[in-house]
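Below are the chains, spelled out letter by letter.
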Amino acid sequence: MSDLFRIYTYILTNIIDVLLLLRFTETNVTKKIPVKYKSVLICAYLLYALTPVSIPLITTLFAFLFLIIVTRSHFTQGFSIFIKYELYSYISILVFLFLHSLIFDDYVLLISSDIYEYYKLMILSFLTYTTYVLYSNYKKNRKIRSHYYLYFSVIILAVCLLLSYATLYICRREPESQIMPLLFSTLIILVLLCISLYDKFLILIEENANYKMQAEINRLQTDYALQIDENLKILRSVRHDIKNHLIIIDGYAAQKKFEKIHEYISRIGARFKDTAPIQTSSTAVSAILNEKSALAQQKNISCEITCNFPSLKIDDFTMITILGNLLDNAITAASKCSDGWIKADLQQEDSILVITVDNSHAERIREKDGVFTSTKTDNADIHGIGIKNVRKAVNDLRGQIEITYTENTFHVCIMLPNYK
């Protein structure tokens, strides 16, 4: 019976180790891992679990070869991930061994029972894996961590505690019982199912966010195209009638009716928009800048936007996130001033795109550890999200952001790598 328990626990422990290694690799490697590599790794771990010899360095070798093959030419990256994986595995195992033994006071049973020793190792591996899953999911999508992530974490941790206590109880009462492997397998499957469903949920959330952003980009580009088309129609109409307009103006001039000339020219100019459409090498950027500029004018805010970059290598999603949030915040702040203004500038300097946004403000700025909060009392929990999203987008591109402010002005400077 002891040999069967050993094989059973080794198989489950190795499966958990494989899942941890795959999760660790997927978190640290940007590209997708081929299914054939995953299959070979799982088979290698399972075959090793069936052998009567236990050599811990074998699984270490498997992990090292897997990471080197997955990263291929990037040997340094593969080796770095391997070191991180091994450090996390061993340190977390030791920490959980200490905490688990301290909570359940199972030192005597651990020393006296080989069966419980096997189960103890399996439980520690399981706790190590679930902890890393919770951590990786925390990093994957911070926007939903407030409630959904909390519920998921509580469920998983509750199952872990139930598993630990049930295993300890059965081992003390009936160490040879077959209920324990059945219970453990059931709970393991339950946890893996919860993790799989939650991963799918995160993917759906991300896809939904991307879909909404792409829809917003499409809307902005459509509005921008209509705006350009409208200006072209006006230009063609005026050009068509320019001869007649000049005749009328010439008649007023002959009669020295200068006020009439001024009035007539003003009428012609009124057919054009106050400002020419902003045009850049990116239609998405042009669209968002034109929309925010028009919104600022509607609120009687002086808005000056200048652009000078030959091409844009940064994706539309990121640019819309950064510019949309910065300009929305600037418009909100400037609209509360009697003479509000906004100045935005996008300039290419060598291989860096420099984005600066300055605006006036009237309210007292509240900042703590780089986090800005609104002075509004309604929906206070959603204020400041814009700056957080900007910071995240900048950090994802390994750019830099600097925010400074005075009593009357607010300044944001962002530097982003703009090259392939």
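Structure: above.
Procedures and definitions
- Residue indices follow the written sequence of each chain, beginning from 1 at its first position.
- Only residues with pLDDT of at least 70 get local features here, since the model is predicted, and only at 80 or more are side-chain atom pairs given and counted; chain-wide, interface and lining totals rely on the full set of residues.
- Working from all heavy atoms in the structure, the side-chain values ignore hydrogens and water.
- Strands are runs of DSSP state E lasting at least two residues, helices are runs of H or I lasting at least four, and both sets are numbered from the N terminus onward.
- What makes two residues a contact is simply this: any of their non-hydrogen atoms within 4.5 Å.
- Using a 1.4 Å probe, the Shrake-Rupley method yields the accessible areas, and only the shown protein chains count as cover for residues.
- Each reported salt bridge corresponds to a side-chain nitrogen of Lys or Arg within 4 Å of a carboxyl oxygen of Asp or Glu.
- Partly exposed residues are those whose accessible area sits between 20% and 50% of the maximum for their type, while under 20% is buried and over 50% is exposed, using a 1.4 Å probe and protein chains only.
- In these notes, a set of buried Ala, Val, Leu, Ile, Met, Phe, Trp, Tyr and Cys residues joined through side-chain atoms within 4.5 Å is what counts as a nonpolar core.
- Only strands that DSSP links by at least two bridges are regarded as paired with each other.
- Working convention: axes come from line fits to C-alpha atoms, limited for helices to the stretch in contact. Angles between N-to-C directions cover 0 to 180 degrees.
- Note on angle classes: values under 35 degrees are labelled roughly parallel, values over 145 roughly antiparallel, values of 65 to 115 roughly perpendicular, and the remainder oblique.
- Gly falls in the polar group here, along with every residue not listed as nonpolar (Ala, Val, Leu, Ile, Met, Phe, Trp, Tyr, Cys, Pro) or charged (Asp, Glu, Lys, Arg).
- Given the number of residues in a helix, its expected span is that number minus one, multiplied by 1.5 Å.
- As used here, the arc is the angular range of directions from the helix axis to the C-beta atoms.
- Whenever a nitrogen or oxygen atom comes within 3.5 Å of another N or O atom, the pair is scored as a polar contact, on the condition that within protein one atom can donate a hydrogen and the other can accept it, and that pairs from neighbouring residues in sequence are kept only if both atoms are in side chains.
- Paired rings are identified among Phe, Tyr and Trp, the last through its six-membered ring, by centres lying within 6.5 Å, and are further divided according to the angle between planes into stacked (under 30 degrees), edge-to-face (over 60) and tilted (the rest).
- By definition here, charges over rings are those cases where NZ of Lys or CZ of Arg is within 6 Å of the ring centre and within 35 degrees of the ring normal.
- When the strands point away from the viewer, a crossover counts as right-handed if the path from the first strand over the helix to the second runs clockwise.

In terms of helices and strands, the protein chain carries 12 helices and 7 strands. In the protein chain, once contacts between residues fewer than 6 apart in sequence are set aside, the share between residues at least 24 apart is 69%. About 24,800 Å² of surface is accessible on the protein chain, with carbon and sulfur atoms providing 60% of the total.

In this structure the tally under the stated criterion is 5 salt bridges. Ionic pairing is found between aspartate 106 and lysine 120, a salt bridge with its closest N-O pair at 2.7 Å. With aspartate 106 in the loop between helix H4 (75-104) and helix H5 (107-112) and lysine 120 in helix H6 (residues 114-140), this residue pair connects regions lying 14 residues apart in the sequence. Residue aspartate 106 is classed as buried on the basis of its relative accessible area of 0%.

Below, the discussion takes up the side chain of threonine 128. Locating threonine 128 in the fold gives a position in helix H6. By relative accessible area, which is 2% here, threonine 128 ends up buried.

With 52 residues, the main nonpolar core has Leu21, Phe66, Tyr119 and Phe184 as its most contacted residues. Broken down by element, the residue count for this core peaks at 12 residues, all from H6. Those residues in contact with leucine 21 that lie beyond four places of it in its chain are Leu41, Tyr45, Ala63, Phe66, Leu67 and Tyr85. Ala284, Val285, Leu289 and Ala334 belong to the second-largest nonpolar core, a separate cluster that totals 35 residues.

Pairing is mixed across the open sheet formed by 5 strands, whose spatial order is E1-E2-E3-E7-E6. In this open sheet, the two edge strands, each paired with only one partner strand, are strand E1 (302-308) and strand E6 (400-405). The average angle at which neighbouring strand axes cross in this sheet is 10 degrees, direction not considered. Across 6 bridges, the pairing between E6 and strand E7 (residues 409-417) is antiparallel. For glutamine 400, the partnering residue across the bridge sits in E7 and is methionine 415. Where helix H11 (residues 316-334) meets the sheet, it contacts strand E2 (341-349), strand E3 (352-360) and E7, and its direction lies at approximately 15 degrees from that of E3.

Right, let's get into the packing of helix H10 (residues 283-298) against H11. In the contact formed by H10 and H11, the axes pass within 10 Å of each other and the chain directions differ by 10 degrees. One finds that H10 runs roughly parallel with respect to H11. In this structure, H10 uses Ala284, Val285, Ile288, Leu289, Lys292, Leu295 and Ala296 to contact H11, whose residues at the interface are Asp316, Met319, Ile320, Leu323, Gly324, Leu327, Asp328 and Ile331. Residue composition of the contact of H10 with H11, grouped by class: 11 nonpolar, 1 polar and 3 charged.

Let us now look at the environment of aspartate 339. Tracing the sequence through the fold places aspartate 339 in the loop between H11 and E2. Take aspartate 339: its relative accessible area is 62%, and that puts it in the exposed class. Each C-alpha atom, one on aspartate 339 and one on isoleucine 301, is 7.1 Å from the other, the two residues being 38 residues apart in sequence.

On to helix H2 (residues 35-50). Between the first and last C-alpha of H2 there are 23 Å, a value that for 16 residues agrees with the 22 Å anticipated at 1.5 Å per step. Taken together, the buried positions of H2 are occupied by Tyr37, Leu41, Tyr45, Tyr48 and Ala49. Taken end-on, H2 shows its buried residues confined to a sector of 105 degrees, consistent with a single buried face. Residues of H2 that are exposed and point over 90 degrees away from its buried face: Val35, Lys36, Val40, Leu47 and Leu50.

Right, let's talk about H11 for a bit. Compared with an ideal rise of 1.5 Å per residue, which puts 19 residues at 27 Å, H11 spans 26 Å between its outermost C-alpha atoms and is within 8% of the ideal. Here H11 lies mainly inside the structure; 14 of its 19 residues are buried. The distance from a side-chain oxygen at the start of H11 to the backbone nitrogen of phenylalanine 317 is 3.2 Å, and the residue carrying that oxygen is aspartate 315.

Within the structure shown, the criterion is met by 14 aromatic pairs. Ring plane angle 55 degrees and centroid distance 6.3 Å describe the contact between tyrosine 8 and tyrosine 119, whose orientation is recorded as tilted. Highlighted residues: tyrosine 8 in helix H1 (residues 2-28) and tyrosine 119 in helix H6, separated in sequence by 111 residues. Taken together, Phe24, Tyr85, Tyr88, Tyr132 and Tyr135 form an aromatic cluster joined through their ring pairs. We note lysine 343 situated over the ring of tryptophan 341; from NZ or CZ to the ring centre the distance is 5.9 Å.

Let us now look at the pairing of E3. Burial analysis of E3 places 7 of its 9 residues in the buried class, the great majority of the element. Across 8 bridges, the pairing between E2 and E3 is antiparallel. Paired with leucine 346 across the two strands is isoleucine 355, which belongs to E3. Connecting the antiparallel pair E2 and E3 is a turn made up of 2 residues, with aspartate 350 showing a positive phi of about 60 degrees. In terms of strand pairing, E3 meets E7 through 9 bridges, oriented antiparallel. Paired with isoleucine 355 across the bridge in E7 is isoleucine 414.

The subject of this paragraph is the pairing of E1. In the sheet, E1 pairs with E2 via 7 bridges, with the strands oriented parallel. Paired with cysteine 303 across the two strands is isoleucine 342, which belongs to E2. Where the polypeptide runs from E1 across H11 and back to E2, its parallel neighbour, the crossover connection is left-handed.

The residue asparagine 137 is located in helix H6 in this model. When the C-alpha atoms of asparagine 137 and threonine 27 are compared, they prove to be 9.6 Å apart, with 110 residues separating the residues in sequence.

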